[in-house]
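Each chain is listed here by its residues.
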Amino acid sequence: MNVMYFAWVRERIGLPQEQIVTDAQTVAELVAELVAREDRYAAAFADITALRVAVDQELADFDAPLAGVREVAFFPPMTGG
Amino acid sequence: MNVMYFAWVRERIGLPQEQIVTDAQTVAELVAELVAREDRYAAAFADITALRVAVDQELADFDAPLAGVREVAFFPPMTGG
Amino acid sequence: MQVRVQQDAFDAGAELAGFASTRTDIGAVVSFTGIVRDTRGDLQHMLIEHYPGMTERAIADIAKQAATRWALADVLVIHRFGALTPGAPIMMVATAAQHRAEAFAAADFLMDYLKSRAPFWKKEVTLSGADWVAAKDADEAALKRW
Amino acid sequence: MQVRVQQDAFDAGAELAGFASTRTDIGAVVSFTGIVRDTRGDLQHMLIEHYPGMTERAIADIAKQAATRWALADVLVIHRFGALTPGAPIMMVATAAQHRAEAFAAADFLMDYLKSRAPFWKKEVTLSGADWVAAKDADEAALKRW
């Protein structure tokens, strides 16, 4: 699965995207897995309410299922316009 | 005093403006004077609620005084924009 | 603040390009362009009559009111008169402000007031005749929003 | 309907001039231009990051929603990414409709949704450092208007 990070999430984790092989069933489980990995992930995901997630390029909730998903992206609230 | 007419008021009266010497104290008195003159004025001023008046180029009421006034204009509700 | 009442055509794109273009302290520009609309496909032209003198005063007054209500960096109003063909621009307003909400509100306000308080009258000339465009009660009512 | 996501600068005036310009059945065009604003006079540039692929989809979806809610003759959305200098246009929307109220509402709606639902993030780079622009609660709340 391709996992992408944008804005300060990308900066804290230190890379824009990575391929991850996971058994996580939901976005939340994927986050728990990443947080357990290294401090920089823990720092990025410290306050989940400050984050948004997109699953296959559509905004989703953290309890969204990951079955069949090819791309998950984490980022702060958007500031377009 | 210069009296001006716009849009269908101008068309009904048949002229865009005229110089009028009057003792009318208010716009309403001036209208009464014009209506008494000729049918075309009576036709133009038949329904006063369908008309607007400007006194010296400022929107005014029909009871506005005419002392010192140089220009009075009658027209239907405006349709700018 | 710029107010122009003119018979000549204008280029809304060129006007927008030149509007507030050298400023670095504004974040938002809103423009509105009003165009001669041929609803039934039979419009020959639209005749726009106005009250020279009062028109300029009324528009300047409306623009000043907008600049008082919102912190505007600049305001532009152009309004044409004369015989206009379908598709031709009738008028435009543009507003520049630090923030989006101010620029939108001011442009909306200007349009509501120009509609009912600037001395213009429109007559639609079609193959079958000519009619003055009637003011709508809703246009007068819209002023109460502000 | 036209959606463009690009690094290159664009000319809002030229875009407006070309927008819905051959139509005779529309009466109203509204445009909004968002500009890099240097509030404190110390902005070096604004870095705009986006999510290629999702950005285009999200904007097209927002534009389609607008076209469903209001009878729009045309919609244009341009949004830049990359490093932008103060005074440079960031993005623009334009809407064309028969009536003024529709064109205004649709442009306002597009801006509210682009603000909070299009995957862009802004970072302000000044002489004293760089900060990500935080989303405002008010921007999210604004979506409830629609």
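1. Looking at the overall build of chain A
Tallying secondary structure elements over chain A gives three helices and five strands in all. Each helix and strand of chain A, ordered N terminal to C terminal, gives the series β-α-β-α-α-β-β-β. On C-alpha atoms alone, chain A measures out to a radius of gyration of 12 Å, which is about the 12 Å that the 2.2 N^0.38 rule sets for 81 residues. Projected onto its principal axes, the C-alpha coordinates of chain A cover approximately 30 × 30 × 20 Å. Expressed as a percentage of the 81 residues in chain A, the buried residues total 49%. Across chain A, every contact between residues at least 6 apart in sequence was considered, and the portion connecting residues at least 24 apart equals 50%. Carbon and sulfur atoms form 51% of the exposed surface of chain A, whose accessible area is close to 3,900 Å². Between the centroid of the 6 positive side chains of chain A and the centroid of its 13 negative side chains there is a distance of 7 Å.

2. Thoughts on helix 2 (residues 54-69) of chain D
For helix 2 of chain D, with 16 residues, the first-to-last C-alpha span of 23 Å sits near the 22 Å given by 1.5 Å per residue. Along helix 2 of chain D, the residues classified as buried are Met54, Thr55, Ala58, Ile59, Ala60, Ile62, Ala63 and Ala66 of chain D.

3. Focus on the interface of chain C and chain D
Taken together, the contact pairs 33 residues of chain C with 33 residues of chain D. Taken together, the two surfaces of chain C and chain D that pack against each other cover about 2,600 Å², and 56% of this comes from carbon and sulfur. In terms of surface lost to chain D, no three residues of chain C exceed Arg37, Arg100 and Phe104 of chain C, which account for 26% of the buried area on that side. Along the contact surface separating chain C from chain D lie two salt bridges.

4. Thoughts on the sheet that holds strand 3 (residues 43-50) of chain C
All names here are of chain C. With respect to topology, four strands assemble into an open sheet ordered 5-3-7-8, the strand pairing being antiparallel. Two strands lie at the open edges of the sheet, namely strand 5 (82-84) and strand 8 (129-132), each paired on one side alone. Within this sheet the neighbouring strands show an average axis-to-axis angle of 25°, counted without direction. For strand 7 (residues 120-126) and strand 8, the ladder comprises four bridges, and the chain directions are antiparallel. Bridging across to strand 8, Lys123 finds its partner in Trp132.

5. Looking at the pattern of salt bridges
On inspection of all chains with the given rule, the structure shows 24 salt bridges over all chains. The salt bridge involving Arg145 of chain D is made with Asp112 of chain D; its shortest N-O contact spans 2.7 Å. Taken together, the residues Arg145 of chain D in the segment after helix 4 (137-142) and Asp112 of chain D in helix 3 (residues 100-117) connect sequence positions 33 residues apart. Residue Asp112 of chain D is classed as buried on the basis of its relative accessible area, which comes to 2%. A single salt-bridge network, built from bridges that share partners, covers Arg100 of chain C together with Asp108, Asp112 and Arg145 of chain D.

6. Let's talk about the confidence of the model for chain C
Low pLDDT means the predicted atomic positions in that stretch should not be read closely. Summarising the model, chain C shows a mean pLDDT of 96, and 100% of its residues fall at 70 or more. Overall fold confidence (pTM) sits at 0.96, and the ipTM for the predicted complex is 0.95.

7. Re the sheet that holds strand 4 (residues 58-60) of chain A
Residues and elements named next belong to chain A. The five strands lie next to each other as 2-1-5-3-4, forming an open sheet whose pairing is mixed. Unpaired on one side and paired on the other, strand 2 (17-19) and strand 4 mark the two borders of the sheet. For this sheet, the mean inter-axis angle between neighbouring strands, taken without regard to orientation, is 25°. As defined by bridge partners, strand 3 (residues 52-55) adjoins strand 4 across three bridges and the pair is classed as antiparallel. Residue pairing for strand 4: Ala54 is matched across the bridge by Leu59.

8. Some details on the arrangement of the chains
Contacts between protein chains span three pairs of chains, and they are most numerous for chains C and D. With no contact formed, the shortest span from any C-alpha in chain A to any C-alpha in chain C equals 9 Å.

The rules behind these values
- Every chain is numbered independently, its residues counted from 1 as its sequence is written.
- Just so you know, chain letters begin at A and ligand numbers begin at 1, following the order they were written in.
- With pLDDT at 70 or above as the cut-off, local features in this predicted model cover only qualifying residues; side-chain atom pairs require 80 or more to be listed or tallied, and sums for whole chains, interfaces and linings still use all residues.
- The side-chain figures draw on all heavy atoms in the structure; neither hydrogens nor water molecules are used.
- The way it works is that DSSP assigns letters per residue, a run of H or I at least four long becomes a helix, a run of E at least two long becomes a strand, and they are numbered from the N terminus.
- Atoms counted for the radius of gyration: C-alpha only. Globule rule: 2.2 Å times the number of residues to the power 0.38.
- Partly exposed residues are those whose accessible area sits between 20% and 50% of the maximum for their type, while under 20% is buried and over 50% is exposed, using a 1.4 Å probe and protein chains only.
- We call two residues in contact whenever any of their non-hydrogen atoms come within 4.5 Å of each other.
- Per-residue and other accessible areas were derived by the Shrake-Rupley procedure at a 1.4 Å probe size, with only the shown protein chains allowed to occlude residues.
- The positive count covers Lys and Arg only, the negative count covers Asp and Glu only, and His and the chain ends enter neither.
- In this description, the location of a charge corresponds to atom NZ of lysine, CZ of arginine, CG of aspartate or CD of glutamate.
- Working rule for helices: expected span equals 1.5 Å times residues minus one.
- Buried area is calculated as the accessible area (1.4 Å probe) missing from two parts once they are joined, with the contributions of both summed.
- Whenever a carboxyl oxygen of Asp or Glu lies within 4 Å of a side-chain nitrogen of Lys or Arg, that contact is scored as a salt bridge.
- A strand pair is defined by DSSP finding two or more bridges across the two strands.
- For every element, the axis is a line fit to its C-alpha atoms; helices are fit only across the contacting stretch, and the angle between N-to-C directions ranges from 0 to 180 degrees.
- Per residue, pLDDT measures the predictor's confidence, with a range of 0 to 100.

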